[in-house]
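Understanding the architecture of this molecule
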Amino acid sequence: MKLYKISLSLLLCACVSALHAQNADTTSHKYDQHKVFTPLFYPNNGNEFRGASGAPGAKYWQNRADYKLNVTLDTAKHRVSGSTLITYTNNSPDQLAFLWLQVDQNIYKEDSRGVATSPVDGGRNAVKEFTNGDEIKGIYVIKNGKAEKVDYVVADTRLQIKLNDTLRSGGSKVQFRIDYAFDIPKYGTDRMGRVQTKNGWIYEIAQWYPRMEVYDDVTGWNVIPYMGAGEFYLEYGNFDYTVTAPANMVVVGSGELLNPAEVLTPKTMSRLAAAAKSDKTVFIRDTTDILSKSSYPQKASLTWHFFCKNSRDVSWAASKAFIWDAARINLPSGKKALAQSVYPAEVKSNDAWGRSTEYVKGCIELYSNEWYEYTYPVATNVAGTVGGMEYPGIVFCGSDNQKGALWDVTNHEFGHNWFPMIVGSNERKYAWMDEGFNTFINGVDTKVFNNGEYYEKPDAQKAAPAMFAPDADAIMNIPDVIQPNYLGYAAYEKPSLGLNILREQVLGEKRFDYAFRTYIKRWAFKHPTPWDFFHTMDNAAGEDLGWFWNEWFLTTMKLDQAVKEINYADNDPSKGALITIANLEGMAMPVTIAIKEHNGKTGTVKLPAEIWERGDTWTFEYKSTSEIEYAIIDPDHLLPDVNPENNSFSGVSVAKDVTAATVIKAYFDAIGGEAKVKDVNDVVINSEGDIRGLSVVRVSKYKSPDKFFEDIAVPTYNNLDVLHIVINGDSINVKQLNKPGQLNPEVKSAIRIWNKLFPELDFNKSGYTMQLSPMLKVVGDQLAYLITVTTPEGTKVNYYYDQKTGLKMKQFAEIAGNGTTIEWGDYRSINPGIKIPFSEKTIIVGQPIEFKVKNATINTGLSNDTFLSK
C-alpha cells in the first residue's frame, strides 16, 4: 500500500534543535553503549520449527487454504454475491475444534471497530460510508458429498466456524462452503471501491470473500481485527474463481484467464497474442473500442474464469470504461509473463497512464533480476479510485497519478508482489516487513529504471528531523498503534533507510544483497517473523547485527555524531593530527569523515560502528601534512543525523577585525547595498521544483514591513494546495491541504521571522541580539561566518554567510525544540539591481526539493488585499 505523507512538520522541514557551540557539548549526551551493544538482544534460541540461523526448521509447517469462488457483479445495485468453497488443510501438530476466518467487509458496518476507531477528521483508512458488511447466507461443511450446516459466530471482522468433528493434525482436510453477498462501498478504506467515469463505473474489488486466518507456530490463530491501517496475514493455496458481469465490461484479475475464447472477440484475442510477444506496449482495447458493441461478445453477461496458483489472495476489477494495453515481461529464467494496464480514457496521455504498462514491465523485470523471479503469469495495473493497493498479480493505483508519481506508486505496489505476496509476513503486526522492505527495493529499482529517470538522491540528514521526532513511535509496533501521521515513517521510510544503511555503510552491497536474497529464497511462500529475518541477515552476511536491529527497530534512539576537536602531534600539523569525535545521542553508527587541509590535500576516513563500544567519544590519528581546514562527518548525508550543525569542525578562526555587523554589511553590499534593500516595498517570486517528475509550484509575495503570502501547489493533482501561509502583522494563518494548522506562540514567532525576505534589516532593532561564532563553519565544502540572532520573542536563528562572497548560504531556526533549514545559491540581479537567490533547497512532502525561481518582480504595488486570509 502506498502511503502519501504530507504533514506540516515535513513542509516546515522540522528538525531537532542545533547545539550552537563550536565544540560538541558532551555533558548532555544520551549515549550508553551497554544499551546498544547488549548481548541479550535475541529473545530465545532456535527450535525445530524456526532455526537459530533464521531458516525454516526441520519440522517447519504451515496450513493451507484452497479456494473455489463463484460470484456475480450486479452493476445496478453495486453488489457482489456468490459462494466460496474452501478446502482447508491442517498441517499443524494440533487438532482444531474450530476455524477462524476474516470477513473484512464488516469494517463498513456502522457498529464495527473500524468505525469506532476512525478519527473524527477522517483519514486515508477511515470508514466513510456504511454497508451491511458481509451478509452470510449460510455455512456448510461438505462431508461425503453432502452439505451439513455448521454453527458459526461473527465477531466484527472475524468469523468462527465451530466444527462438528475436530480437524485432526498432520495434513487432515475439511471442506466447507459459504454463501454470501455484500454491497460495494464507493470508498473502501482506500483498498477497494468504485468510481464513476465518463464511460462508466470502475469497480476495484478486494477483501471480497471470507478468507482463512493464519494458524501458525507463533501465536496459533492470528485474529487481530481489521480496523483500517493494519493490512493482512493469509494462508497460501490455489484459487479457482469466476466473475459474472455484464458483457460490455472488461474483467481483470489475479492469475491467468482460463477462458479467453468465451469472453473476448477474435480481434481482441489477436491483439492480446501480439502483446504477449512484444516488448513495446500494444493496445488491446483502445478509445474507439469502448463504445463499440463489436468489441465484446453479444450476450447479456459473461463469466470470466481465472486461476491463480500458490497465492495468498486474489482480487479483480471490472469496467466498461477500460482502455486495455499490454506488453511482454522477460524473466531471468527465460519464462515470459504479461504486463497489462486498464484505465479510463480520461488518463490515456503519455504523461499519465499511457506509460503504465512500460512501468509495470520495467519494475517486474528489474525486481526479478535483482531479487527473486516474479511468480505470476500476469501483472495488471488498474486505474481507479484507490490511491495505491497491492494484491497478487494485480494492483490498484489512483487514476490521477502522472509522470514520476505514477511510476512511484506502480513501482511500489508491484514491489509488494515480493513483500508480502512471495514472502508472506504478518502485515497486521509487522507492517515494516512488507512496506519497509518494499520501499527499500523501490529505491534500488528507481535508481536504475530508464537510466534513473525518476531518481532523486536521498538526503538522510534532511529526513532525520521528522523521522526522529520527539513523539516518534518505534518501528516494532502494530500499525494500528502507530500514530497516523507517523505511520509513513515507522512502516515505510525508517525501515527502508535502515536497510540502505546496512547495504551501503555497514555490510556493503555484495554481502547485503546475498543475505537479502537468502532471506527471500528461504521464506518464499512461508511465514517469517522479524527474528527469522534478523537471524538470516546475520548468518548469511556473516555479521552480528544485533546492535543495529536493537537500536533501529525496537527503540526510538536518535543519531547525533559530532566533531569535537582537532589536535596536532607536538603542535605540528605536519606530524599528524588527532581528531576526536563524539556520539551525543543513543544510536551507534559507522562514521565517515571528509578532511581538507590548508595545502589542498583531502582525505576520507571510515570507521566502523564498533568504535562506540568503548563509550561516547573516539579519537583517531590522521596523517596530516598541514593544518586541517575542516573535517566533516557524513559529507554525503547518508545517515539520519538529527543535528548536522555539529557535524563539521573548522580549524580556521574568524579574523579579529570581523564582527557580526561587518558580516551583515558585506551581505548587503553583495546583494546591492543596504540603501537599495530598504527601498524594496514589495516582491513577488514565482518558483518551481520537481519531485520525481511532478512539478511543485510556489508563489511567494512579500510586502514591507510585515506581510507575507505563500502558496505551494501541485498542479497535476487538480492543483492540490499543499501549503498556504499568510502573515499580516500579528495575524498568521497556515493551512495544509486546506486544513488549518495548529500553531503555538513560539511557532508563530519563528514562522514570522522565517518568512522575511531581508530579515537582516531588523537585526539592529531593539530586542535583537547578534552573536558571531569565533570559528568559521562549513556549508557544503565552503567556509562561512555563522551569526546567531535572537529575536525579541526569544527565537534563535542561525545565519551562514559565505566568507568569500558575503552572500547568505543557509539558515537554521529552532521552533519549539524542532527546527528548519534552508540553503540558497545562484544569486542573480533583478530590478532595481537587487540580488536574490534563484535556488532554494529544502524539504517538502518528505522529499528534498530545489525550488528554482522562474521570475521575480520588485515594487509592483501589491495590494493589502493580497494578504487577507482565505
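Residues numbered from 1 in each chain as written. Predicted model: local features only at pLDDT ≥ 70, side-chain atom pairs only at ≥ 80, totals over all residues. Heavy atoms only, no water.

Structural notes on the overall build of the chain
Operational definition: Labels follow the DSSP assignment, with helices taken as runs of H or I lasting at least four residues and strands as runs of E lasting at least two, numbered in each case from the N terminus. C-alpha atoms define the radius of gyration in this analysis, and the globule rule sets the expected value at 2.2 Å times the number of residues to the power 0.38. Only protein chains enter the area calculation, which uses a 1.4 Å probe; residues under 20% of their type maximum are buried, those over 50% are exposed, and those in between are partly exposed. We call two residues contacting when some pair of their heavy atoms lies within 4.5 Å.
Helix and strand counts for the chain stand at 17 helices and 47 strands. At 30 Å, the chain has a C-alpha radius of gyration in line with the 29 Å of a compact globule built from 870 residues. Each of the 870 residues in the chain was classed as buried or not, and the buried ones make up 60%. Counting contacts in the chain only where the partners sit at least 6 residues apart, residues at least 24 apart contribute 69% of the total.

Here's the deal with the sheet that holds strand S8 (residues 158–167)
Filter applied, for reference: Note: two strands are recorded as paired if DSSP finds a minimum of 2 bridges between them.
Taken in spatial order, the four strands make up an open sheet running S7-S8-S4-S13, and their pairing is antiparallel. In the strand order of this sheet, the two ends are held by strand S7 (151–155) and strand S13 (211–212), each with one partner. Judged from the five bridges that link them, S7 and S8 form a sheet pairing that is antiparallel. Residue pairing in the sheet places Tyr152 in a bridge with Ile161 of S8.

Quick word on the sheet that holds strand S33 (residues 648–650)
Rules: In this analysis an axis means a line fitted to C-alpha atoms, helices contributing only their contacting stretch, and an angle means the value between N-to-C directions, from 0 to 180 degrees.
Spatial strand order, S30-S29-S32-S33: four strands in an open sheet with antiparallel pairing. Whereas interior strands pair on both sides, the edge strands pair on one side only; in this sheet they are strand S30 (602–607) and S33. Across the sheet, the mean angle from the axis of one strand to that of its neighbour is 15°, orientation sign disregarded.

Considering the packing of aromatic side chains
For clarity, the threshold we go by: Pairing of aromatic rings covers Phe, Tyr and Trp, the last counted by its six-membered ring, and requires centre-to-centre distances within 6.5 Å; plane angles under 30 degrees mean stacked, over 60 mean edge-to-face, and any other angle means tilted.
Tallied over the entire structure, the rule returns 62 aromatic pairs. Consider the rings of Trp371 and Phe516, whose centres lie 5.2 Å apart with planes at 85°: the pair is edge-to-face. Note that Trp371 is positioned in the loop between helix H7 (356–370) and strand S24 (378–384) and Phe516 in helix H12 (residues 509–523), a separation of 145 residues in sequence. Owing to a relative accessible area of 6%, Trp371 belongs among the buried residues under this scheme. The exposure class assigned to Phe516 is buried, which follows from its relative accessible area of 0%. Residues Trp432 and Phe534 carry aromatic rings whose centres are separated by 6.0 Å and whose planes lie at 10° to one another, so their mutual orientation is stacked. Here the residue Trp432 occupies a position in the loop between helix H8 (403–415) and helix H9 (435–448), and Phe534 occupies one in helix H13 (residues 530–541), the gap between them amounting to 102 residues.

Let's talk about the packing of H9 against helix H11 (residues 487–506)
Two numbers describe a pair of packed helices, the interaxial angle and the distance between the axes. Inclusion rule: An angle below 35 degrees is treated as roughly parallel, one above 145 as roughly antiparallel, one from 65 to 115 as roughly perpendicular, and anything else as oblique. The sense of a crossing depends on the near helix, which, turned anticlockwise from the far helix by less than a right angle, makes the crossing left-handed and, turned clockwise, makes it right-handed. Any residue outside Ala, Val, Leu, Ile, Met, Phe, Trp, Tyr, Cys, Pro, Asp, Glu, Lys and Arg is labelled polar, Gly included; the first ten of those are nonpolar and the last four are charged.
The N-to-C vectors of H9 and H11 enclose an angle of 55°; their axes lie 7 Å apart at closest approach. It follows from the interaxial angle that H9 and H11 lie oblique. In the packing of H9 onto H11, the handedness of the crossing is right-handed. Contacts between H9 and H11 involve Glu435, Gly436, Phe437, Thr439, Phe440 and Val444 from the former and Ala491, Tyr492, Glu493, Pro495, Ser496, Leu499, Asn500 and Arg503 from the latter. A per-class count over the contact of H9 with H11 returns seven nonpolar, four polar and three charged.

What to know about the nonpolar core
Put simply, the rule is: We call a set of buried residues a nonpolar core when its members are Ala, Val, Leu, Ile, Met, Phe, Trp, Tyr or Cys and they connect through side-chain atoms within 4.5 Å of each other.
Judged by nonpolar contacts, the single largest core of 193 residues is most densely connected at Tyr88, Phe176, Trp208, Trp316, Phe516 and Phe533. For this core, the element with the highest residue contribution is H11, accounting for nine residues. Counting 64 residues, the second largest nonpolar core, distinct from the first, contains Tyr702, Leu807, Ile822 and Ile858.

Looking at unusual backbone geometry
Looking along the chain, the bond that leaves Phe419 and enters Pro420 is cis, with omega of 15°. Within the secondary structure, Pro420 is located in the loop between H8 and H9. Ser704 connects to Pro705 through a cis peptide bond whose omega is 5°. By the secondary structure assignment, Pro705 is in the loop between strand S35 (694–703) and strand S36 (707–714). The residue Asn859 is not glycine, and still its phi comes out positive at about 55°. Note that Asn859 resides in the segment after strand S47 (847–858). Its relative accessible area of 34% is what places Asn859 among the partly exposed residues.

Overview of the confidence of the model for the chain
Selection criterion: Confidence of the predictor at the level of single residues is given by pLDDT, which spans 0 to 100.
Summary statistics for the chain give a mean pLDDT of 93 and a share of 96% for residues scoring 70 or more. Note that pLDDT drops below 50 for residues 4–28; the model gives that stretch 96 contacts with residues more than four away or on any other chain.

Observations concerning the environment of Ile364
Considering the arrangement of structural elements, one finds Ile364 in helix H7. Of the residues examined, Ile364 reaches a relative accessible area of 0% and is grouped as buried. Measuring from C-alpha to C-alpha, the distance between Ile364 and Tyr376 comes to 11 Å, with twelve residues separating the pair along the chain.

Some points on the pattern of salt bridges
Heads up, the condition is: Salt bridge, as applied in this entry: a Lys or Arg side-chain nitrogen positioned within 4 Å of an Asp or Glu carboxyl oxygen.
Per the counting criterion, the structure on display carries 44 salt bridges. In this structure, Glu135 engages Arg79 in a salt bridge whose closest nitrogen and oxygen atoms are separated by 2.7 Å. Placement of the pair is Glu135 in strand S5 (residues 135–143) and Arg79 in strand S3 (residues 79–90), with a sequence separation of 56 residues. On the basis of relative accessible area, Glu135 is assigned to the buried category, the value being 18%. Looking at Arg79, the relative accessible area reads 18%, which means it is buried. The shortest N-O distance in the salt bridge between Arg191 and Glu231 comes to 2.7 Å. Of this pair, Arg191 sits in the loop between strand S10 (187–188) and strand S11 (192–197) while Glu231 sits in the loop between strand S15 (220–221) and strand S16 (237–246), placing them 40 residues apart in sequence. Considered together, Arg191 and Glu231 belong to a single accessibility category, that of buried residues.

Brief notes about the environment of Tyr630
Examined against the element boundaries, Tyr630 turns out to sit in strand S32 (residues 628–633). The spacing of Tyr630 and Leu783 is 153 residues in sequence and 8.7 Å in space, taken between C-alpha atoms. For Tyr630, the residues in contact, after removing those within four places along its chain, are Ala594, Ile595, Lys596, Phe649, Ser650, Val778, Asp781 and Leu783.

Quick look at the pairing of S36
Most of S36 sits inside the fold, with eight of its eight residues counted as buried. As paired strands, S35 and S36 are joined by seven bridges and run antiparallel to one another. Across the sheet, Arg698 pairs through a bridge with Ile712, a residue of S36. In this antiparallel pair of consecutive strands, S35 and S36, the connection spans three residues.

Observations regarding the environment of Ala206
On the secondary structure map, Ala206 appears in the loop between strand S12 (200–205) and S13. Separated by 18 residues in the primary sequence, Ala206 and Gly188 have C-alpha atoms spaced 9.0 Å apart. If sequence neighbours within four positions are ignored, Ala206 has contacts with Gln105, Arg191, Met192, Ser315, Tyr391 and Phe396.

Concerning the pairing of strand S23 (residues 336–343)
Counting buried positions along S23 gives seven out of eight residues, so the element sits mostly inside the fold. Bridge analysis of strand S22 (residues 323–330) against S23 gives eight bridges, and the strand direction is antiparallel. Following the sheet pairing, Trp324 is matched in S23 by Val342. Between S22 and the antiparallel strand that follows it, S23, lie five residues; Gly334 among them carries a positive phi value of about 100°. Bridge analysis of S23 against S24 gives five bridges, and the strand direction is parallel.

Details of the packing of H8 against H9
For the pair H8 and H9, the least separation of the axes is 9 Å and the interaxial angle reads 130°. When the axis of H8 is compared with that of H9, the two are oblique. The hand of the H8/H9 crossing is right-handed. In contact with Trp407, Asn411, His412 and Gly415 of H8, H9 contributes Glu435, Asn438, Thr439, Ile441, Asn442, Asp445 and Thr446. Among the residues making up the contact of H8 with H9, the classes are represented as two nonpolar, seven polar and two charged.

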